[in-house]
Amino acid sequence: MSEKLALVTGGSRGIGKACALKLAQAGYDVVINYAGNTEAANQTIEEIKAFGVEAEAFKFDVSNQESVDENIAKIVEKYGRIDILVNNAGITRDDLFIRMDADKWNAVINTNLNSAFYVSKPVIKVMMKQRSGAIVNMSSVVGVSGNIGQANYSAAKAGLIGFTKSLAKELGSRNIRVNAIAPGFIATDMTKDLANTEEMMKFIPLKRMGTPEDIAAAVKFLTVDSTYVTGQVLEVDGGLII
Ligand code: NAP
């Protein structure tokens, strides 16, 4: 049985990896989930273990409810508790709406929004029994502001904000806090092929892209450091959508 455990979906690379490392540094055992890149997951596990905590990677598709249920059950059986959940796994399938087919729409809604329903459900049952827990849903500034070519992604990320606020109201009495982070442009594999980054800097008061560590610091604040913050959407975007 773990003393305190954090579960980070999509924790093998990018923002999820930085969150996993930050929570390990704070003394949490960490379970990461990933979709297919086992090499990256193994590398991340080694880096987490360097903080002297337990770490394990579970490969499953967060958009498949059966797979989620099976794997969360294994995690609970092995570790006995889940103190922090970061619903972070996500993808983009950008296109102008007029060209966007149902496959692109469904892939993004399933992976970015339905996944939070699938993963949170069994995890919240555990947190309710513990009478404690903290959840962070990884939204996006485009869930607040919208974006050309991202109707699917913006809808999913806006959905996560409504989901966050509703769960915060439902679960507060059980001492479970639920917040969202809305990152701006963060340097990861997801954004490495973006064109016009120089043009974007005109709109970012801090004049740089964010780092995964910028987001991880906010995750640690919302999960580990704060005790009276719930239902909030923290924009970590260098001032992009002030
Ligand atoms: P990333 O570098 O592309 O990493 C994505 C992670 O999610 C990987 O660990 C990947 O696993 C995992 N993943 C993808 N689909 C999955 C699935 N179906 N099941 C399980 N795991 C899956 O992405 P990122 O930039 O770190 O983004 C992380 C989160 O932040 C996403 O929700 C994204 O929408 C959000 N976000 C990012 C930015 C940004 O500028 N980067 C801005 C706003 C919001 P594999 O390694 O196995 O592929």
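Counting of residues starts from 1 at the beginning of each chain's written sequence and follows it residue by residue. Note on the predicted model: pLDDT of at least 70 is required for a residue's local features to be given, and 80 or more for side-chain atom pairs to be given and counted; whole-chain, interface and lining totals, by contrast, use all residues. Remark: hydrogens and water are excluded; side-chain values derive from all non-hydrogen atoms of the structure.

**Re a nonpolar patch on the surface**
In this analysis, a patch consists of residues with relative accessible area above 30% that form no salt bridge, clustered at 9 Å for like charges and at 5 Å for the nonpolar side chains Val, Leu, Ile, Met, Phe, Trp and Tyr. The accessible surface values rely on the Shrake-Rupley method and a 1.4 Å probe; as for residues, cover is taken only from the protein chains in view. Here a salt bridge means any side-chain nitrogen of Lys or Arg lying within 4 Å of a carboxyl oxygen belonging to Asp or Glu. On the surface, Leu96, Ile98 and Ile148 cluster together to form a nonpolar patch covering roughly 380 Å² of accessible area. The residue Ile98 is located in the loop between strand E4 (84-87) and helix H4 (102-130) in this model. The way it works is that DSSP assigns letters per residue, a run of H or I at least four long becomes a helix, a run of E at least two long becomes a strand, and they are numbered from the N terminus.

**Notes on the site of the ligand**
By convention in this text, a residue qualifies as near a molecule or strand provided that one of its non-hydrogen atoms is within 4 Å of it. In the vicinity of the ligand there are 32 residues, among which Arg13, Gly36, Asn88, Tyr153 and Thr188 approach most closely. Within the backbone of Gly10, an N or O atom sits 3.3 Å from an oxygen atom of the ligand. Residue assignment for the shell around the ligand shows that the elements contributing at least two residues are helix H1 (14-25), strand E2 (29-34) and helix H6 (151-171). Ten residue types, Ala, Val, Leu, Ile, Met, Phe, Trp, Tyr, Cys and Pro, are classed as nonpolar, four, Asp, Glu, Lys and Arg, as charged, and the remainder, Gly among them, as polar. Across the shell around the ligand, the residue classes break down as 13 nonpolar, 15 polar and 4 charged. Under the rule applied, a polar contact is a pair of N or O atoms within 3.5 Å (in protein, one hydrogen donor and one hydrogen acceptor; residues adjacent in sequence only if both atoms are side-chain atoms).

**Focus: the packing of aromatic side chains**
Geometry of aromatic contacts follows a simple scheme: Phe, Tyr and Trp rings, the Trp one being its six-membered ring, pair when their centres are within 6.5 Å, and the pair is stacked under 30 degrees between planes, edge-to-face over 60, tilted otherwise. Counted by the stated rule, this structure contains 1 aromatic pair. Centre to centre, the rings of Phe117 and Tyr118 are 5.8 Å apart; their planes meet at 65 degrees, and the pair counts as edge-to-face. Note on exposure labels: buried denotes an accessible area under 20% of the residue type's maximum, exposed denotes more than 50%, and partly exposed covers the range between, all computed with a 1.4 Å probe on protein chains only. A relative accessible area of 40% means that Phe117 is categorised as partly exposed. Using a relative accessible area of 14% as the deciding quantity, one classes Tyr118 as buried.

**Describing H6**
Helix span is expected to be 1.5 Å times the residue number reduced by one. The end-to-end C-alpha distance of H6 is 30 Å, a good match for the 30 Å that 21 residues give at a rise of 1.5 Å each. All of the buried residues along H6 are Asn152, Tyr153, Ser154, Ala156, Lys157, Leu160, Ile161, Phe163, Thr164, Leu167, Ala168 and Leu171. Turning to H6, the residues buried within the fold contact H4, strand E5 (133-138), helix H5 (141-145), strand E6 (176-183) and strand E7 (233-236). Contacts are assigned to residue pairs with any non-hydrogen atoms lying within 4.5 Å of each other.

**So, the packing of H1 against helix H2 (residues 38-49)**
Axes here refer to lines fitted to C-alpha atoms; in helices the fit is confined to the stretch in contact. Angles between the N-to-C directions go from 0 to 180 degrees. Orientation of H1 relative to H2, taken along the N-to-C sense of each, is 20 degrees, at an axis distance of 9 Å. As far as their axial angle goes, H2 and H1 are roughly parallel. Of the two possible hands of crossing, H1 and H2 adopt the one that is right-handed. Along the contact surface, H1 presents Lys17, Ala20, Leu21 and Ala24, while H2 presents Gln43, Thr44, Glu47 and Ile48. Considered class by class, the residues forming the contact of H1 with H2 number 4 nonpolar, 2 polar and 2 charged. With respect to orientation, any angle under 35 degrees is reported as roughly parallel, any angle over 145 as roughly antiparallel, any angle of 65 to 115 as roughly perpendicular, and every other angle as oblique. In this scheme, a crossing is called left-handed if the near helix is turned counterclockwise away from the far one by less than a right angle; it is called right-handed if the turn is clockwise.

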